[in-house]
Amino acid sequence: MTTVTPAPASAATAVAVRRARRTPLAGRAGVFAVMSLFAVYTLVPVWWLLVTATKNQGYLFTTNGLWFSHFDLWTNIRDVFHEQDGIFTRWLLNSALYSIGGAAVSTTLSAMAGYALAKYSFRGRDLTFNIILGAVLIPDVMFALPLYLMFSEVHLVNTCWAVFLPSVVSPFGVYLSRIYAAASVPDELLEAGRLDGAGEARIFWRVAIPIMSPALVTIFLFQFVSIWNNYLLPLLMINSDELQPVTVGLANWREGVNQGIPYNVTITGAFLSVIPLIIAFLVLQRFWRSGLAAGSVK
């Protein structure tokens with residue numbers, strides 16, 4: 001009887017890699033086509049916004065919407081910041097205050113909660129985490145009306161707190177912090193800190209936070225974008241033009257087109273409101289990508 005010797009693991013792996021590389025040309029073309037379709041779907045609206053922001057009122061609907069004509073971007077920007085006595089600047093500052101402040105506090109609270117769920121054993125820990133995980137699955141719009149009723153009872157409607165306080169709670173941030181802390185913060189390192197006489201607070205801020213920083217940047221970025229783009233909650237909570245974020249303000253301008261607010265001013269304002277998000281992604285991109293990948297394997 002002839003005995004067949006199995007191939008070494010390294011040889012089997014090499015064969016599998018060679019087979020994986022033999023992807024049919026039609027398959028690669030299909031993947032490329034799907035990716036191109038999604039890229040076009042994502043980039044065309046942004047391109048249209050950029051092109052339209054460079055046109056004045058007279059050329060918005062009489063020229064090609066996807067190409068430049070009569071470059072008037074700087075004039076449009078000047079008109080945006082002069083409309084209604086320069087209230088657009090106030091809207092941008094409000095959005096920055098809500099987004100940066102809310103994201104910073106939310107990231108801190110998420111880090112604390114996630115670290116505690118990952119590194120401390122206490123009764124009800126798994127139940128608490130499961131409840132937080134369930135909250136991730138509930139759309140934010142479901143909380144808008146209950147929050148409005150709650151803040152009405154405590155007379156916080158039409159104040160900045162009505163937008164800021166809900167922004168500091170992020171179930172997704174707690175979930176990501178817990179997963180990342182469990183995977184990347186070694187228990188041996190924490191025990192070494194305790195043996196050296198460090199308190200729990202010092203271990204958290206000096207040991208755990210630096211290790212968790214990629215995940216925390218990811219949480220900050222996601223929360224910043226979520227708060228900046230939030231529309232329904234500020235719309236329900238705030239009636240004063242002086243407290244509105246840029247999303248609600250631009251929607252009011254769009255409704256006031258027939259009342260004398262030029263359409264090109266609204267479009268240019270929308271283009272300017274996207275720039276802070278682009279800057280945030282460019283600045284935090286490398287931390288964001290590493291924060292998503294790190295912690296996925298231990």
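Residues numbered from 1 in each chain as written. Predicted model: local features only at pLDDT ≥ 70, side-chain atom pairs only at ≥ 80, totals over all residues. Heavy atoms only, no water.

Asker: Any chance you could explain the overall build of the protein here in plain terms?
Answerer: In terms of regular secondary structure, the protein is built from 13 helices and 0 strands. Taken from N to C terminus, the helices and strands of the protein fall in the order α-α-α-α-α-α-α-α-α-α-α-α-α. Within the protein, buried positions represent 34% of all 298 residues. Contacts spanning at least 24 positions in sequence make up 72% of the contacts within the protein whose residues lie at least 6 apart. Of the roughly 18,000 Å² of accessible surface on the protein, a fraction of 67% belongs to carbon and sulfur atoms. (Helix = DSSP H or I, 4+ residues; strand = E, 2+ residues; numbered from the N terminus. Buried < 20%, exposed > 50% of the residue type's maximum accessible area, 1.4 Å probe, protein only. Contact = heavy atoms within 4.5 Å. Areas by Shrake-Rupley, 256 points an atom, 1.4 Å probe, with all protein chains shown as cover.)

Asker: Even after reading the chapter, I still don't get the packing of helix 4 (residues 87-119) against helix 12 (residues 246-255), so can you show me in this structure?
Answerer: Each packed pair of helices is defined by two parameters, the angle between the axes and the distance between the axes. In the contact formed by helix 4 and helix 12, the axes pass within 8 Å of each other and the chain directions differ by 145°. Of helix 12, the residues touching helix 4 (which contributes Ile87, Phe88, Trp91, Leu92 and Ser95) are Val246, Gly249, Leu250 and Trp253. Residue composition of the contact of helix 4 with helix 12, grouped by class: 7 nonpolar, 2 polar and no charged. (Axes fitted to C-alpha atoms, helices over the stretch in contact; angles between N-to-C directions. Nonpolar A, V, L, I, M, F, W, Y, C, P; charged D, E, K, R; others polar.)

Asker: So what exactly am I meant to see when it comes to the layout of surface pockets here?
Answerer: To find the voids left in a structure, one rolls a probe of water-molecule size over its atoms. By volume, the largest pocket is sized at about 820 Å³. In this structure, the largest pocket is lined by 31 residues; those nearest its centre are Asp140, Phe143, Pro166, Val169 and Pro171. Taken together, the elements giving at least two residues each to the lining of the largest pocket come down to helix 4, helix 5 (125-136), helix 6 (144-153), helix 7 (161-167), helix 8 (171-184), helix 10 (200-229) and helix 11 (232-237). Looking at the lining of the largest pocket, its residues break down into 22 nonpolar, 8 polar and 1 charged. (1 Å grid on protein atoms, 1.4 Å probe; cavity = no way out; pocket = protein on both sides within 12 Å on 5 of 7 lines; lining within 4 Å. Points joined across faces, edges and corners; volume = space filled by probe spheres on them.)

Asker: Teacher, can you tell me more about the side chain of Asn76 here?
Answerer: Counting through the fold element by element, Asn76 comes out in helix 3 (residues 73-82). According to the relative accessible area criterion, Asn76 is buried, its value standing at 1%. Only 2.7 Å separates the side chain of Asn76 from the backbone oxygen of Ala53, close enough to count as a polar contact. Sequence-distant contacts of Asn76, that is, excluding residues within four places in its chain, are made with Ala53, Thr54, Lys55, Asn56, Asn264 and Thr268. (Polar contact = N/O pair within 3.5 Å; in protein donor to acceptor, adjacent residues only side chain to side chain.)

Asker: Explain the nonpolar core here, please?
Answerer: In summary, soluble globular proteins display a tendency toward joint burial of nonpolar side chains. In this structure, Val80, Phe88, Trp91, Phe224, Val246, Trp253 and Leu272 are the most contacted members of the largest nonpolar core, which totals 27 residues. Residue assignment for this core shows that the elements contributing at least two residues are helix 2 (25-53), helix 3, helix 4, helix 10, helix 12 and helix 13 (263-293). Here the element with the most residues in this core is helix 13; it accounts for 8 residues. Ignoring anything within four residues of it in the chain, the contact list for Phe224 reads Ser99, Ile100, Ala103, Pro276, Leu277 and Ala280. Of all hydrophobic cores here, the second largest spans 16 residues; its members include Tyr180, Phe204, Ala208 and Leu216. (Core = buried A, V, L, I, M, F, W, Y, C linked by side-chain atoms within 4.5 Å.)

Asker: What's the story with the environment of Leu60 in this structure? I'm lost.
Answerer: Assignment of secondary structure puts Leu60 in the loop between helix 2 and helix 3. Residue classification places Leu60 among the buried positions, given a relative accessible area of 9%. In this structure the C-alpha to C-alpha distance between Leu60 and Tyr263, which are 203 residues apart in sequence, comes to 8.6 Å. Every residue in contact with Leu60, bar those within four places of it in the chain, is listed here: Thr52, Lys55, Tyr263 and Asn264.

Everything listed here is a matter of geometry and, on its own, says nothing about what the molecule does.
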